[in-house]
Amino acid sequence: MKSIEDRFQQLADRIINDRVPAFDAEQTYIISSFHALWAVRAEIRDRPGNDIDLHGLMPGRTGWSRDEEEGLEKTGLAFFRGVMMPAHVVNGMHARVLVGQYLRQINPLVEGIVSGNVSPIIRYMRG
């Protein structure tokens, strides 16, 4: 989610400084992604998820400090409190799925795989 915000902020700075006369396909995608993110955040704010009890799992580490939890999240990791997944982790995963769904609705794209020198990358083209 942070990458969507960062890319949008970079584009917004370029627009403010009059360096973008028109939007190309990538810039349109950046704007659409940011719009989808804010739509998802509004939806989750109105209907947040709950903690999820993950029955059948061995309990994970308990007693993470708030700083440790935030450190894990900043690196893109999720955590459990025993066998409980916190609601904000559930909401974050749900948001990622919804952003993708909204993007397909507001800016339909066709995905394709392009092989690069190092590894395959995903390329998006207008459908």
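Located above this text is the structure these notes cover.
Residue positions are given per chain, counting from 1 as you read along its sequence in written order. Confidence filtering applies because this is a predicted model: local features only for residues at pLDDT of at least 70, side-chain atom pairs given and counted only at 80 or more, and all residues used for totals across whole chains, interfaces and linings. Heavy atoms throughout the structure, all of them, feed into the side-chain values; hydrogens and water do not.

Student: What is the right way to read the packing of aromatic side chains from this model?
Tutor: When we look at a pair of aromatic rings, we describe it by the centre distance and by the angle of the planes. Classification of ring pairs rests on two measures: the distance between centres of Phe, Tyr or Trp rings, Trp counted by its six-membered ring, which must be within 6.5 Å, and the angle between planes, read as stacked under 30 degrees, edge-to-face over 60 and tilted in between. All told, the structure shown has 2 aromatic pairs when counted by the stated rule. On the numbers, 3.9 Å between centres and 0 degrees between planes, the contact of F8 with F34 is stacked. Here F8 is found in helix α1 (residues 2-16), whereas its partner F34 is found in helix α2 (residues 25-46), with 26 residues between them in sequence. Look at F34 and W38: their rings are 6.1 Å apart centre to centre, the planes differ by 65 degrees, and that puts the pair in the edge-to-face class. Helix and strand labels come from DSSP, where a helix needs a run of H or I of at least four residues and a strand needs a run of E of at least two; each type is numbered from the N terminus.

Student: Looking at this model, I keep getting lost on the pattern of salt bridges. Mind explaining?
Tutor: Once their charged atoms are close, side chains differing in charge can pair, the charge on each being opposite to the other. Salt bridge, as used here, is a side-chain nitrogen of Lys or Arg placed within 4 Å of a carboxyl oxygen of Asp or Glu. One pass over the full model with this rule turns up 6 salt bridges. Salt-bridge contacts for D6 lead to K2; the nearest nitrogen and oxygen are separated by 2.8 Å. Here D6 pairs with K2, and both are found in helix α1, just 4 residues apart, close to one helical turn. Relative accessibility under 20% of the residue-type maximum defines a buried residue, over 50% an exposed one, and the middle range a partly exposed one, all with a 1.4 Å probe and only protein chains included. You can call D6 partly exposed: its relative accessible area is 33%.

Student: Which parts of the structure should I look at to understand unusual backbone geometry?
Tutor: What is expected of a backbone is that most residues other than glycine have negative phi and most peptide bonds are trans. With a phi angle near 55 degrees, D18 is a residue other than glycine that sits in the positive phi range. Looking at where D18 falls in the secondary structure, it is placed in the loop between α1 and α2. We classify D18 as exposed; its relative accessible area is 70%.

Student: Hey, could you run me through the nonpolar core in this one?
Tutor: Buried together is how nonpolar side chains tend to be arranged in soluble globular proteins. Within this scheme, the nonpolar core is defined by two criteria: the residues are buried Ala, Val, Leu, Ile, Met, Phe, Trp, Tyr or Cys, and they are joined through side-chain atoms within 4.5 Å. Counting residues in hydrophobic clusters, the biggest one holds 12 residues: I4, Y29, F34, A36, L37, V40, I44, A95, L98, V99, Y102 and L103. Among the secondary structure elements, those contributing two or more residues to this core are α2 and α4 (87-106). For this core, the element with the most residues is α2, which contributes 6 residues.

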